[in-house]
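# Per-entry structural report
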Amino acid sequence: MIQQKIPGKPVTVTINGKKYRANEGEILLSVAIREKIEIPHLCFEASLDPYGACRLCMVEVVRKGKREMATSCTLRAADGLEVLTDTPEIEKHRSILFELYLAEAPKSDVIRDMAAHYGVTRTRFLKRIEQGDPLGNKCVLCGLCVRACSEIMGAGAINFINRGPYTVVNTPYYAPSRDCFGCGACVRVCPTNAIEMEDVGADRVMKSWSDTRVPLSQCECCGRYYAPRELSASVLARLDTPLKEEIARLCPECRGKQLAQNEILAGRGGRATHG
Amino acid sequence: MRIVSAADLEKVSRSGLRKIRPEKPRIAVGLATCGIAVGGMRVYDRIREIIGEQNPDIELARVGCIGYCREEPLVNITIPGKPLVILHRVTPGDAEKIVRAVEKGEVPVEKALCRIPSWDHITGYTQEYGAGFDGIPRYGDVPFFSHQKKVILRNSGLINPEQIDEYIAIGGYAAALKALSGMAPEAIIGEVEKSGLRGRGGAGFPTGLKWRIARNAEGDRKFVICNADEGDPGAYMNRNEMESDPHMVLEGMLIGAYAIGASEGLIYIRAEYPLAIRRLETAIGQAREYGLLGKDIFGTGFSFDIGIATGAGAFVCGESTALVASIEGRTGRPHPRPPRLTDPGGGLFGCPTDLNNVESWCNIPVIISKGSEWYAGIGAKGNSGTKVFSLVGKVDRVGLVEVPLGTSLNTIVFTIGNGGAGNKKVKAVQTGGPSGGCIPARLFDTPVDYESLNRVGSIMGSGGIVVMDEDTDMVDIARYFINFAASESCGKCVPCREGLKHTLLILNKILAKKATKRDLEILTDLTETIVATSLCGLGQTAPNPVLTTLAYFRDEYDALVNP
Ligand SMILES: Cc1cc2nc3c(=O)[nH]c(=O)nc-3n(C[C@H](O)[C@H](O)[C@H](O)COP(=O)(O)O)c2cc1C
Ligand code: SF4
Ligand code: FES
């Protein structure tokens, strides 16, 4: 129940000695991303509540001559805020965190490249390799998929299971989910490309999520399967557009073709449809 | 009956006094969980049986625990006009003898631990029991008690926790009456601030300041919560406080709620404390009957009630944001602060919320009744008041110890605890629960206050003190606590979830004599990062046992590793 602060008045923040404009209350990591200042991060997504789990985005806040570490994804811009992103202290802890990530998700290219970018090419910790891991030994438990599924989609099909070092993400009791829309938001937000999803025949199969199968709509025109059926139905129920009928029947490609055809017809004085 | 005035309180008080100090002899058995665990209930049942058969003119009652766990089961005898006598290590076999003696106005002297001629209940009432039984040592001469100062445990073991009248008899709810009908909320907060009380849940945050922030927070609906999650292995202060004197918790919360402007209160208590839950429920019911909870308390127009929320047994749910998530029915995982609970949107159901530890609440009635100046006079500068510690492990006298803050570890472990059990040499103590540090015996002149403990690498925590002797393997101790922390980690952030796991793996490797010097370096680097980068207090403090044993008992590590 975290309230997103409404962007406030313009303020000036200092990052690595340089001044930048920001809105009061804006998340510092967002400011850095906008200004192309590199801060590594894995669990941040602007449209979701601040979470602070990956700990990679830590910066040092300079306050009254003292320095204090804080995660930039939970830090809010305020006038005079001053942070440093690459102090020896940060670099030291960041390296250890990368080593932990390399051990946790040894099969992830993204993690490997990211760590290498920060000079960490090997880990001193025991690598966790689990046969048959539904997430291919690539998951870093950043929670983005879980949060997108519940906060954005309102589905709550997946969640954390167990706690501590045994934590994993999956559907409850590893049973195919009845709440999953097959929207694929989880796949898109996953920073390490760990989640597998594939359209097989008339179904979308969420391979990582206990092989949850979601039926797809079939295009009446070309016969191709395109969007998850129930998801389109529920989205359509909320839409108010004359295009509704076309969306329900046709895949995006055929819909485009039909639209163009209509336009041509309209030009000749025929039927015209505008959204 | 509804209590609305001092006169009403006085009336109930008189009826309560007749129970505490009846006109006939009273036998009271210590029946907190600790007493029950060593057979207190069997003693109680046997005495009841005998009284039932022979019908002597004797009252039988249940009380909480006075804290001397090693000597339990404890039984109190009150003979009119005589000192209260505490019997120790009582067995069902002693019951007959006890009843026989009490019938004749005597006590079985050979079972007597000490006598209490008069007792200061702190909240405005001194109980004069009487004179006599000179052959039995006085309470103040028993080494376990003589260096203690009972402010929080002011009634524990002496009153029946299931009888509100007994609590009122020793001055209970008078502080609430004084506060609600005679003090402005601001004035109460001012008193708590001046008292210097700091949160007893571990971090030592000034209670008055927290109340002020909660009072000033915007919002029509506010909550006060009592944190009774007490999950540290070896810590049971809060359990005893609730089991032995539940009304002091309720009274503290009532005063706090009035000062903050909250009309709803919750006690978040772990499900593993069934007796405490039952006694709190009883206490809440009785307080409602007297109108001390509910609508228009004392006729002041102020309304407040308290509910109980039980925790499902995760240590991390004691952390403030995880606690709130757990009450709201979400997974108990901490979130970054701010927002703090007192911030708009940050507390329970998004409402500004004040969270205090059980023991913090227990101090409130005393501060209001005795005044902030009296309270601030106890303890050390910046660390006023007393603190209850559970003194456990390999110490001779195990029990709950209440001492002024600033008392040295020497006093606690040696003077009060009488050093190692079985004449073994004490090597170290661990303070502050699983995430506290191990302090070596050579640093036992360290005063037990928030700052001094931090300086030696440990923490106050909630007040567990675990004693270790010459036979204790310190590396193994570090492993024990890391294992606890790793399995209690909520798994949200990587340094704690992954870091503690690898810390444990390395410690296992060291104990299996398979590690090298390089592993010790990795251990140091890793634990420093866990401290610096973890999201919540669990991860931030969990490495303390490793860091302190590495600092103070490095030789034990060196002996195990290969070059
Ligand atoms: C992992 C963890 C466990 C905690 N467990 C408890 C607990 O059992 N009881 C408690 O009062 N505080 C506990 N705390 C501290 C609370 O977060 C909070 O600071 C405290 O309840 C505030 O009360 P106080 O100001 O009266 O001390 C815990 C903190 C952490 C990080
Ligand atoms: S430090 Fe540990 S307990 Fe706290 S949020 Fe991180 S993983 Fe959870
Ligand atoms: S992005 Fe800040 S902790 Fe993950």
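On to the side chain of T503 of chain B. Following the sequence through the fold, T503 of chain B ends up in helix α19 (residues 494–511). Excluding anything up to four places from it in sequence, T503 of chain B contacts I482, L523, L526, T527, I530 and V546 of chain B.

Here we come to the confidence of the model for chain B. Chain-level pLDDT for chain B is 96 on average; 100% of the residues reach the 70-or-more range. Across the assembled chains, the prediction reports ipTM 0.90 with pTM 0.93.

In this section: a nonpolar patch on the surface. Residues and elements named next belong to chain B. On the surface, F205, L209 and I213 cluster together into a nonpolar patch covering about 230 Å² of accessible area. Note on placement: I213 falls in helix α9 (residues 207–216). Taking the relative accessible area as the measure of exposure, I213 reaches 36% and is therefore partly exposed.

Listed per partner, the contact involves 30 residues of chain A and 39 residues of chain B. The contact between chain A and chain B buries some 2800 Å² in all, and 60% of this surface belongs to carbon and sulfur atoms. Taken together, the links from chain A to chain B amount to 4 salt bridges. Of the charged contacts, one joins R124 of chain A and D525 of chain B as a salt bridge, the two residues approaching to 3.6 Å between their closest N and O atoms. Applying the counting rule to chain A against chain B returns 11 residue pairs in polar contact (both at pLDDT 80 or more). Sorting elements by how many residues they give to the side of chain A that touches chain B places helix α2 (residues 88–104) of chain A first, with 8 residues. Per-class residue counts for the side of chain A that touches chain B are 18 nonpolar, 6 polar and 6 charged.

On to the site of ligand 1. Residue and element names in this part refer to chain B. In the region of ligand 1, 18 residues are neighbours, and G201, K210, N227, N357 and S360 sit closest. Here an oxygen atom of ligand 1 sits 3.1 Å away from a polar atom, N or O, in the main chain of S320. Elements that contribute at least two residues to the shell around ligand 1 include exactly β12 (353–357) and α21 (537–541). By residue number, the principal contributor to the shell around ligand 1 is β12, which donates 3 residues. Here the residues of the shell around ligand 1 are counted per class, giving 3 nonpolar, 10 polar and 5 charged.

Residues and elements named next belong to chain B. Overall, mixed pairing links the 5 strands, which are arranged β10-β11-β9-β8-β12 in an open sheet. Lying at the two open borders of the sheet, with one neighbouring strand each, are β10 (294–297) and β12. Between one strand axis and the next, the sheet turns by 25 degrees as a mean value, whatever way the strands run. Relative to strand β11 (residues 302–311), strand β9 (residues 264–270) runs parallel, the two sharing 7 bridges. Across the sheet, L266 pairs through a bridge with G307, a residue of β11. Of the strands in this sheet, β9 and β11 are in contact with helix α12 (residues 274–289), which crosses β11 at around 165 degrees.

Around ligand 2, the structure places 13 residues, and the nearest of them are C490, K492, C493, C496 and C536 of chain B. Taken together, the residues that form the shell around ligand 2 break down as 8 nonpolar, 4 polar and 1 charged.

Conventions used here
Residues numbered from 1 in each chain as written. Chains lettered and ligands numbered in written order. Predicted model: local features only at pLDDT ≥ 70, side-chain atom pairs only at ≥ 80, totals over all residues. Heavy atoms only, no water. Helix = DSSP H or I, 4+ residues; strand = E, 2+ residues; numbered from the N terminus. Contact = heavy atoms within 4.5 Å. pLDDT = per-residue confidence, 0-100. Patch = residues over 30% accessible without salt bridge, like charges linked within 9 Å, V, L, I, M, F, W, Y side chains within 5 Å. Areas by Shrake-Rupley, 256 points an atom, 1.4 Å probe, with all protein chains shown as cover. Salt bridge = Lys/Arg side-chain N within 4 Å of Asp/Glu carboxyl O. Buried < 20%, exposed > 50% of the residue type's maximum accessible area, 1.4 Å probe, protein only. Buried area = accessible area lost by both parts, 1.4 Å probe. Polar contact = N/O pair within 3.5 Å; in protein donor to acceptor, adjacent residues only side chain to side chain. Nonpolar A, V, L, I, M, F, W, Y, C, P; charged D, E, K, R; others polar. Near = heavy atom within 4 Å. Pairing = 2+ DSSP bridges. Axes fitted to C-alpha atoms, helices over the stretch in contact; angles between N-to-C directions.

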